[in-house]
Amino acid sequence: MKAFTYERAADARAAVAAAAARANAKFIAGGTNLLDLMRLEIEQPAHLIDISRLPLQAIDDEPGGGLRLGAQARNSDTAADPRVRTRYPLLSQALLAGASAQLRNKASIGGNLLQRTRCAYFYDTTAPCNKRTPGGGCAAIGGLNRNHAILGASDACIATNPSDMAVALMALDAEVELLGATGASRRVALRDFYLLPETTPHIETVVHPGELITAVVLPRAPAGRQLYRKVRDRASYEFALVSVGVLLAVEKGTVEEVRVALGGVAHKPWRALEAEAVLRGRAPSVAAYQAAADAALARAVGRGHNDFKIELAKRTLVDALTKAGRP
Amino acid sequence: MPKSTPGVERAARPAAKPAAPTGAPTQKLELEVNRTSYALDVDVRTSLLDALREHLHLTGTKKGCDHGQCGACTVLIEGRRINACLTLAVMHEGDQITTIEGLGAPEALHPMQAAFLARDALQCGYCTPGQICSAVGMLVEVAAGWPSHATPDVGTRPVELTDGEIRERMSGNLCRCCAYPNILAAIRDVASGPNGGRSP
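Residues numbered from 1 in each chain as written. Chains lettered and ligands numbered in written order. Predicted model: local features only at pLDDT ≥ 70, side-chain atom pairs only at ≥ 80, totals over all residues. Heavy atoms only, no water.

## Considerations on the overall build of chain B
Broken down by element type, chain B carries 7 helices and 5 strands. The linear arrangement of helices and strands in chain B, starting from the amino end, is α-β-β-α-β-β-β-α-α-α-α-α. By residue count, 52% of the 200 residues in chain B fall in the buried class. Within chain B, contacts between residues at least 6 apart in sequence are counted, and of these 55% link residues at least 24 apart. (Helix = DSSP H or I, 4+ residues; strand = E, 2+ residues; numbered from the N terminus. Buried < 20%, exposed > 50% of the residue type's maximum accessible area, 1.4 Å probe, protein only. Contact = heavy atoms within 4.5 Å.)

Structure representation (structure tokens):
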């Protein structure tokens with residue numbers, strides 16, 4: 001690990017001011033991904049600003065029935081919060097499907113959003129990687145790409161976003177609250193938060209250098225059954241091959257509201273608006289779910305080892321919708 | 001006042017401390033481990049795990065993968081289980097840290113330690129301190145009504161601690177000897193004992 005200096009920020013304003021004052025500074029919260037990357041010297045910050053004790057840990061009700069998750073709320077506390085469990089069970093399920101209990105006790109909401117891909121070539125510093133070294137090439141294309149993206153990938157990068165939580169947040173239309181160095185706050189819809197790899201896979205989000213995530217805001221969840229379904233190589237403590245987050249409301253034999261998001265398939269948590277359009281206003285049936293799944297994966301491209309993910313994603317989505325649509 | 005211990009005095013001498021390259025920033029800090037305060041001066045890169053093992057010589061906490069994948073380094077911070085390898089020592093000043101050495105002693109075992117012995121819940125024993133600390137933290141989470149991936153409906157409270165729940169909740173602790181059946185039995189014994197297995 002490269003040497004760095006360390007400070008603990010007193011409050012959020014002090015944290016962003018500290019980040020603006022130093023070159024190559026990084027915030028550290030749970031540290032569960034960042035420290036691993038620093039040990040491998042993939043991340044080499046010169047200065048760490050500890051934000052883990054900032055007073056951003058509360059989960060508060062929002063006017064209108066929403067919920068505001070402080071960026072420093074732990075993944076475990078968030079999953080166990082009674083309001084999350086009853087109003088946003090999709091989020092609770094997604095959080096609990098990720099990592100281990102020890103990691104969830106450390107990992108923060110803001111940090112989870114910013115965790116890096118688990119592409120093995122990104123972590124293998126002897127392999128070319130455009131995300132690690134822009135312009136270096138991509139070892140996953142033409143390499144062992146069983147875990148890689150089938151949607152929205154580019155010739156520069158086929159890595160996937162590893163977060164379960166973000167898939168749920170995407171389906172729930174979450175917004176991310178950011179604090180800039182000037183003290184100005186802004187909100188970004190999670191749908192606009194992540195970037196596709198295109199030719200710049202090292203740029204993953206719209207977060208400006210030195211900006212701090214202070215909260216994730218959930219609007220009131222529409223009525224309907226919420227379900228997170230994750231398929232992986234072992235039963236627990238493993239990243240998704242494919243995951244699906246759905247919300248489905250059926251009224252008088254018609255789909256009134258539907259949300260579909262996919263994980264493990266793209267550089268970002270993937271909202272499948274095409275699938276939602278197929279289902280909205282239609283009578284729920286396996287055929288309709290199949291049509292929605294076909295629409296969601298219509299533009300999917302396999303890279304060889306990961307071809308199976310296209311069919312797996314469709315079947316997982318049909319399965320989740322079928323369960324959510326049961327009377 | 002922090003108590004000075006032989007381990008810390010040794011750690012304070014350059015020869016016993018992992019040598020920091022010239023100019024690498026260091027920091028003085030106090031760590032509260034097993035209800036004892038220790039004064040340290042560490043390279044800021046030092047993980048909590050290395051601080052415990054190499055500076056305080058509390059070697060009960062094990063280093064397995066050093067990447068947060070095996071759980072051998074599990075300790076309790078304010079009663080919550082975490083991986084000591086994936087956090088910096090400097091981030092834990094003021095926290096109550098409990099390691100396997102603080103849970104019980106040979107003459108006064110923690111109920112979870114006693115259950116692991118009674119059930120022969122180990123072979124080589126390397127993962128055992130992490131398993132035990134994790135299991136102790138896990139039962140606190142269950143008592144607080146936390147759901148898990150194995151909980152059929154996350155809205156349910158309290159949680160029924162089935163074998164499937166224990167397996168899922170302990171998935172962050174790997175055992176290469178595959179002593180899992182007896183680890184499960186040991187935890188089940190403690191959970192069904194007095195006070196749901198929570199420490200008195």
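## Describing the interface of chain A and chain B
On the side of chain B, 43 residues touch chain A, which itself brings 43 residues to the contact. Roughly 3300 Å² is buried in total at the junction of chain A and chain B, and carbon and sulfur atoms are behind 54% of that figure. Looking at the side of chain A facing chain B, the largest losses of area belong to R39, R85 and Q102 of chain A, adding up to 21% of the total buried there. There are 3 salt bridges connecting chain A and chain B. In this structure, D95 of chain B engages R53 of chain A in a salt bridge whose closest nitrogen and oxygen atoms are separated by 3.3 Å. On the surface where chain A and chain B come into contact, there are 24 residue pairs in polar contact (both at pLDDT 80 or more). Listed by contribution, the elements that provide at least two residues to the side of chain A that touches chain B are β1 (5–8), α2 (34–39), β3 (47–50), α3 (75–80), α4 (82–87), α5 (89–97) and α6 (101–106) of chain A. Across the side of chain A that touches chain B, the residue classes break down as 19 nonpolar, 12 polar and 12 charged. (Buried area = accessible area lost by both parts, 1.4 Å probe. Salt bridge = Lys/Arg side-chain N within 4 Å of Asp/Glu carboxyl O. Polar contact = N/O pair within 3.5 Å; in protein donor to acceptor, adjacent residues only side chain to side chain. Nonpolar A, V, L, I, M, F, W, Y, C, P; charged D, E, K, R; others polar.)

## Re the domain arrangement of chain B
Residue and element names in this part refer to chain B. Taken domain by domain, chain B comprises domain 1 (26–101) and domain 2 (111–195). Between the C-alpha centres of domain 1 and domain 2 the distance comes to 22 Å. In this assembly, 16 residues from domain 1 lie in contact with 17 residues from domain 2. Of the roughly 1300 Å² buried between domain 1 and domain 2, counting both surfaces, carbon and sulfur atoms make up 56%. Scanning the region where domain 1 abuts domain 2 turns up 1 salt bridge. E141 is paired through a salt bridge with R81; the nearest N and O atoms lie 2.7 Å apart. Linking domain 1 with domain 2 are 8 residue pairs in polar contact (both at pLDDT 80 or more), by the criterion used here. Here the side of domain 1 that touches domain 2 gets 3 residues from one element, more than from any other, and that element is strand β3 (residues 74–77). (Domains from an automatic or database assignment.)

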